[in-house]
Amino acid sequence: MHDLLYFCQQLINGLTIGSAYALIAIGYTMVYGIIGMINFAHGEIYMIGAYTALIAITGLAALGIAWLPIVLLVALICAVIVSSSMGWAVERVAYRPVRGRHRLIPLISAIGMSIFLQNYVHLAQGSRNIGFPALIEGGLRLGGDERFQLSISWIQITIFITTFICMSALSLFISRSRLGRACRAVSQDLGMANLLGIDTNRIISATFVIGAALAAVAGLLLGMYYGSVDPLFGFVAGLKAFTAAVLGGIGSIPGAMLGGLILGIAEAMTSGYLSGEYKDVISFSLLILILLFRPTGLLGKPEVEKI
Amino acid sequence: MLVLEDVYTHYGKIEALHGVSVEVRAGEIVALIGANGAGKTTLLMTVCGNPQASSGRILLEGRDITRRPTAEIMRSGISIVPEGRRVFPGLTVEENLYMGGFFNERADNERGIGRVYELFPRLKERGHQRAGTMSGGEQQMLAIGRALMSKPRLMILDEPSLGLAPLVIRQIFEIIAQLRDDGITVFLVEQNAHQALHLADRGYVLETGRVRLQDTGLNLLANPDVQNAYLGG
Ligand SMILES: Nc1ncnc2c1ncn2[C@@H]1O[C@H](COP(=O)(O)OP(=O)(O)OP(=O)(O)O)[C@@H](O)[C@H]1O
Ligand SMILES: [Mg+2]
């Protein structure tokens, strides 16, 4: 009985963190799908989303505004706006000028952008980690007895629901809308889309903006979940989300969702049954294994090397 | 309709077109023939601005489009059925058609799709099939249908008959004749010189990046040099 409860608890923890990974992974996978490039600054965009949300929350508190829905909404909107603009600017500054060059050049430019953003936040916000108010506290306790109870916190539930809404909206957008159709067309044959009169640069900008907006949502959610942020906040999460994207099949949106969940669960199980120290080992071992045995990922289509 | 004046095109340092002048008049079908590597695709793509001409002028309905970006050129009444068809393989037939009419009003798209299905009933049966899973002939029909969606005044086709069965080729040529009847000007590149010159009002022969001959389709067919080089003697 306790074993089963314990397992369920790990599963819930895994799904929580996994859905946040999936949100971040979308940004990697969409950008890769469209221009065949890994956006190494994406983790930083997520981190900046978390900082922006924190600044907004602090600002509202200073103004004496404490009504939770308003605080969350304002924090979310600020984070999304700042991160999206950042995603847009990163593409314009660091990627567009070097697109189509030797593939190492955009890679280096991307890494440079990532280092720049990280250090900028270092300078602007200091390198110590800053407490992030929990805002959503408490939770549900289910089953079990006084020795072990299954607990689901409200923040976990918030993370599930928010992720579910974002993913559904994204899926609808990609599969049904005119712009979503254009995104898919551009990712399949950019030159042809151009020959149909489509301004492909705008479509590329749009994918950076969408990815950044989802990362900002994840930034707010995980900021509250972990309870603190620091300038390296995006580094590990970015690597994890990248792993999730590769695991699911980079370029594939359902793949990113699946990869995120699998990775989250694998990590939670490792922490729960082995030790928390092994969880990073597990995720990067998964990355290496998938690259060795199925480089196209679980849901990716076999295709010629793009990057 | 379309005028190229002394156009040069380079790929890096390689010069692929060495001063080409071509004219396509409104309402005509103009065929461009030439051996592999003569620069036919390069010429068509230069009209579309990808690659751009390094010198010379290209006029579309009197407007200079030489230095315009591809997307802008392709929104000004011209559309292309490119070499190798290039349908979007992961999109359905219908989605491919919508992409062709990306800048249309919704009602225009409904009408346009109806018209394409009339021309190619085969496509209608396959409206929800992914384009990548269709046969070569069906993909070619889709590529033509997609190019029609933007209601072009000039349609450029790059080897639409390549790799197709004779029956399908005949169907494609019939459609091209019908395009002209509908008032669409056609600029056609073909390896299939015999059928192309039969259909065309006028033709050009391109050899290693230069226009070697130009005449009416029938005169080119009768020309001994053309017969030797492109019509199998
Ligand atoms: N992207 C490119 N980069 C460099 N050279 C190119 C490129 N595309 C074409 N060329 C060169 O330009 C010349 C003309 O090529 P093009 O494709 O226009 O010929 P074509 O007449 O269309 O031939 P085909 O009948 O085989 O389609 C060739 O020598 C080719 O090697
Ligand atoms: Mg060609």
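The present account deals with the structure reproduced in this document. What you see is a predicted model, and the numbers here were worked out from it, not measured in a lab.

Cut-offs used in this document
Residues numbered from 1 in each chain as written. Chains lettered and ligands numbered in written order. Predicted model: local features only at pLDDT ≥ 70, side-chain atom pairs only at ≥ 80, totals over all residues. Heavy atoms only, no water. Contact = heavy atoms within 4.5 Å. Buried area = accessible area lost by both parts, 1.4 Å probe. Salt bridge = Lys/Arg side-chain N within 4 Å of Asp/Glu carboxyl O. Polar contact = N/O pair within 3.5 Å; in protein donor to acceptor, adjacent residues only side chain to side chain. Helix = DSSP H or I, 4+ residues; strand = E, 2+ residues; numbered from the N terminus. Nonpolar A, V, L, I, M, F, W, Y, C, P; charged D, E, K, R; others polar. Disulfide = S-S within 2.5 Å. Core = buried A, V, L, I, M, F, W, Y, C linked by side-chain atoms within 4.5 Å. Buried < 20%, exposed > 50% of the residue type's maximum accessible area, 1.4 Å probe, protein only. Pairing = 2+ DSSP bridges. Axes fitted to C-alpha atoms, helices over the stretch in contact; angles between N-to-C directions. Right-handed = clockwise from strand over helix to strand, strands pointing away.

1. Some points on the interface of chain A and chain B
In step 1: Taken together, the 17 residues of chain A in the interface contact 20 residues of chain B.
In step 2: Note on chain A versus chain B: buried area summed over both sides is about 1,800 Å², and carbon and sulfur give 65% of it.
In step 3: When the area that chain A buries against chain B is broken down by residue, the three leading residues are Arg-181, Leu-195 and Leu-196 of chain A, summing to 34%.
In step 4: Our enumeration of links across chain A and chain B arrives at two salt bridges.
In step 5: Measuring nitrogen to oxygen at the nearest pair gives 2.8 Å for the salt bridge that ties Arg-184 of chain A to Glu-95 of chain B.
In step 6: Our count for the contact surface shared by chain A and chain B stands at five residue pairs in polar contact (both at pLDDT 80 or more).
In step 7: Looking at the side of chain A that touches chain B, the elements that each hand over two or more residues are helix H6 (178-188) and helix H7 (190-195) of chain A.
In step 8: The biggest single contributor to the side of chain A that touches chain B is H6 of chain A, with six residues.
In step 9: Across the side of chain A that touches chain B, the residue classes tally to seven nonpolar, five polar and five charged.

2. Notes on the state of the cysteines
All names here are of chain A.
In step 1: Applying the stated criterion across every chain yields a total of zero disulfides over all chains.
In step 2: In this model Cys-78 remains outside any disulfide bridge; the closest cysteine sulfur is found in Cys-166, 17 Å from its own.
In step 3: There is no disulfide at Cys-183, and the cysteine sulfur nearest it, in Cys-166, is 16 Å away.

3. Side note on the nonpolar core
In step 1: Counting 118 residues, the largest nonpolar core has Ile-26 of chain A together with Leu-2, Leu-43, Met-99, Leu-154, Ile-156 and Phe-187 of chain B as the members making the most contacts within it.
In step 2: With residues up to four places along the chain from it excluded, the contact list for Ile-156 of chain B reads Leu-44, Val-47, Cys-48, Ile-78, Ser-79, Ile-80, Val-81 and Phe-187 of chain B.
In step 3: In this structure, Ile-33, Met-149, Ile-175 and Leu-221 of chain B belong to the second largest nonpolar core, which totals 45 residues.

4. Topic: the environment of Val-281 of chain A
In step 1: Along the chain, Val-281 of chain A turns up in helix H11 (residues 279-293).
In step 2: Expressed as a C-alpha distance, the spacing of Val-281 of chain A and Ala-241 of chain A, which sit 40 residues apart in the sequence, is 15 Å.

5. Notes on the sheet that holds strand E5 (residues 63-64) of chain B
Residues and elements named next belong to chain B.
In step 1: What the four strands build is an open sheet, ordered E2-E1-E4-E5; its pairing is antiparallel. On the outer flanks of this sheet lie strand E2 (14-24) and E5, each paired with one strand and no other.
In step 2: Sheet topology places strand E1 (residues 2-11) next to E2; eight bridges connect them, and they run antiparallel. Paired with His-10 across the strands is Glu-15, a residue of E2.
In step 3: Docked against the sheet, helix H1 (residues 40-47) engages E1, E2 and strand E4 (55-60), running at close to 115 degrees with respect to E1.

6. A look at the pairing of strand E7 (residues 154-158) of chain B
Residues and elements named next belong to chain B.
In step 1: Most of E7 is tucked away: five of the five residues are buried.
In step 2: Where burial is concerned, the two faces of E7 agree: the one with Leu-154, Ile-156 and Asp-158 and the one with Met-155 and Leu-157 are both buried.
In step 3: Here strand E6 (residues 78-81) runs beside E7; their pairing, made up of four bridges, is parallel. Residue pairing across strands places Ile-78 opposite Leu-154, the latter belonging to E7.
In step 4: The sheet contact formed by E7 and strand E8 (residues 185-189) spans five bridges and is parallel. Within the sheet, the bridge partner assigned to Met-155 lies in E8 and is Val-186.
In step 5: The parallel pair E7 and E8 is bridged by helix H7 (residues 166-181), and the resulting crossover is right-handed.

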